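Letter by letter, the chains look like this.
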Amino acid sequence: MSIIIDETHESSAQSWVQSANRMDGDFPLQNLPMGVFRTDMRHPPRPGIRIGSSVLDLPALLETQSVRLGEHEQVALRQTTLNAWMALGRRSSSALRRSLFELLHERANARTREAVAACLVPIEDCTMLLPASIGDFTDFYTSIHHARRASEAVRGEATLHPNFQSIPIAYHGRSSSIAVSGPPCHRPYGVTGATSGYRPSEKLDFELEVGFYVSETAYGKLPFTVDEADRHLFGFCLVNDWSARDIQRWEAFPLGPFLAKSFMTTTSAWIVTAEALAPFRVAPAAREPDAPPLAAELTSAAHASLGAIDLSLTVTLQSRLMREAGMPGMVIARPNFKDQYWSAAQMITHHASNGCSLRSGDLISSGTVSGPEREDSGCLLERTRDGQSPFTLPSGESRSYLSDGDTIAFSGRCTREGFRSIGFGACVADVVNPPA
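What counts, and where the lines are drawn
- Residues numbered from 1 in each chain as written.
- Predicted model: local features only at pLDDT ≥ 70, side-chain atom pairs only at ≥ 80, totals over all residues.
- Heavy atoms only, no water.
- Phe/Tyr/Trp six-rings, centres within 6.5 Å; stacked < 30°, edge-to-face > 60°.
- Helix = DSSP H or I, 4+ residues; strand = E, 2+ residues; numbered from the N terminus.
- Buried < 20%, exposed > 50% of the residue type's maximum accessible area, 1.4 Å probe, protein only.
- Lys NZ or Arg CZ within 6 Å of the ring centre and 35° of its normal.
- Pairing = 2+ DSSP bridges.
- Axes fitted to C-alpha atoms, helices over the stretch in contact; angles between N-to-C directions.
- 1 Å grid on protein atoms, 1.4 Å probe; cavity = no way out; pocket = protein on both sides within 12 Å on 5 of 7 lines; lining within 4 Å.
- Points joined across faces, edges and corners; volume = space filled by probe spheres on them.
- Nonpolar A, V, L, I, M, F, W, Y, C, P; charged D, E, K, R; others polar.

Draft legend 1. The packing of aromatic side chains, seen in detail. For the coordinates displayed, the defined rule picks out 6 aromatic pairs. Summarising the aromatic geometry, the rings of Phe164 and Tyr341 are spaced 5.5 Å apart at their centres and angled 45° between planes, so their arrangement reads as tilted. Taken together, the residues span a long stretch of sequence, with Phe164 in the loop between α6 (144–155) and β7 (169–172) and Tyr341 in the loop between β21 (330–333) and α12 (344–352) at a distance of 177 residues. Across this residue pair, the class does not change: Phe164 and Tyr341 are buried. Grouped by ring-pair contacts, the aromatic residues Tyr141, Phe164, Tyr341 and Trp342 constitute a single cluster. The lysine or arginine in question, Arg383, covers the ring of Phe391, its NZ or CZ lying 4.7 Å from the ring centre.

Okay, here's the thing in structure tokens:
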């Protein structure tokens with residue numbers, strides 16, 4: 001496990017890009033997340049770096065020769081997705097981060113600033129796209145709080161399946177329906193019972209998750225350990241894995257989720273790299289005294305010390321009525337990713353343990369992130385006990401599940417004393433009527 005805190009994490013470092021120096025901003029000099037954007041249909045999509053309220057156009061930057069990279073690295077950064085760049089691994093990613101840090105630092109000379117400034121694009125002029133061509137999407141189930149409360153809501157008792165504390169549980173999702181933050185979520189049609197026919201879901205739910213993209217392709221040297229798995233973590237994003245609970249309830253047995261999950265998954269546009277998150281690594285959540293011992297491949301001294309990420313998450317819900325009245329969204333959950341029972345490295349290790357190839361650009365998601373308290377549930381199934389305990393919005397409306405016109409927005413922020421806080425940007429979508 002390679003977790004390095006270096007000069008790029010210095011809390012006092014400021015950028016000559018003034019919008020990056022706002023203390024409440026998500027994208028300071030210490031972050032430098034990657035994404036893919038376009039400015040108009042005449043030009044192809046291209047990789048960029050978020051700095052404050054601007055996007056640094058990486059192909060344009062390469063033309064200025066302000067940053068020195070190898071031929072393979074330059075070719076990768078001129079692609080329309082980040083897959084080729086992810087495949088180059090942590091060494092290239094770390095080197096680029098250090099170079100960009102110097103170019104954007106306030107100590108950069110006037111000539112450098114002028115060259116780099118010409119490559120900055122205002123974020124309002126950018127259309128964000130999925131950062132990678134996602135070959136495969138895997139959705140895990142790694143919150144013990146979610147597992148217990150979901151069981152209580154569905155089966156009436158907060159029990160765990162016997163395998164939950166032994167291995168990270170997952171299913172293979174549908175990569176074709178993954179969308180970047182912004183487009184609406186159309187309420188899905190489905191069958192909810194033997195005689196229901198196809199009709200719009202009445203129990204549309206969100207799921208607050210943290211996703212991560214695979215870096216170097218993992219195959220051939222298996223099984224590997226959590227320490228080796230860490231180098232396959234390129235970076236992290238926010239994920240809303242929308243769920244139709246009534247459809248899910250009817251179809252899930254005996255083979256698991258299908259149409260209830262495959263209609264849409266929303267991701268945030270920016271990938272916060274593993275290097276940027278180094279200061280926010282913490283020990284994983286404690287296991288219960290009666291939990292079975294971990295397999296040797298799923299733990300190590302380094303992982304036991306720094307295997308988790310201290311990432312505070314927020315879910316807000318704004319109804320159409322609230323929006324029309326000028327009322328802000330209501331915060332309905334504030335869980336932390338560090339409370340997950342299984343870490344990202346453990347998910348990768350288990351995923352590849354049978355020889356399964358994980359390819360650069362694959363997206364893996366944590367499953368619902370929920371805190372110890374019901375108020376910090378990462379979905380409405382838990383929060384409302386499957387609709388039995390609705391809550392009231394500031395507009396006076398009540399919610400058991402999502403209504404048409406609702407806007408669900410996720411945000412995430414890493415904070416630690418002595419370091420600059422960094423954010424993940426928005427993961428947001430409106431709920432709309434199903435298409436005619």
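Draft legend 2. Fine view of the sheet that holds strand β1 (residues 34–38). The strand order β4-β3-β2-β1-β5 describes an open sheet built from 5 strands, whose pairing is antiparallel. Looking at strand neighbours, the two that pair on one side only are β4 (120–122) and β5 (127–129), the edges of this open sheet. Averaged over all neighbouring strand pairs, the angle between strand axes comes to 50°, with direction disregarded. As judged from the 4 bridges shared by β1 and strand β2 (residues 46–51), these two strands associate in the antiparallel manner.

Draft legend 3. Expanded view of the layout of surface pockets. The computed volume of the largest pocket comes to approximately 830 Å³. In terms of lining, the largest pocket is formed by 31 residues, of which the most central are Tyr141, His161, Gln248, Phe253 and Pro257. At the level of secondary structure, the elements contributing two or more residues to the lining of the largest pocket comprise β6 (137–141), α6, β7 and α8 (245–251). Per element, the largest residue contribution to the lining of the largest pocket is 6 residues, and it comes from α6. Residue classes in the lining of the largest pocket are distributed as 16 nonpolar, 9 polar and 6 charged. Quantified by volume, the second largest pocket comes out at close to 290 Å³. What lines the second largest pocket is a set of 17 residues, among which Ser2, Ile4, Arg90, Ser94 and Glu275 lie closest to the centre. Of the residues forming the lining of the second largest pocket, the biggest block, 4 residues, is contributed by helix α4 (residues 90–104).

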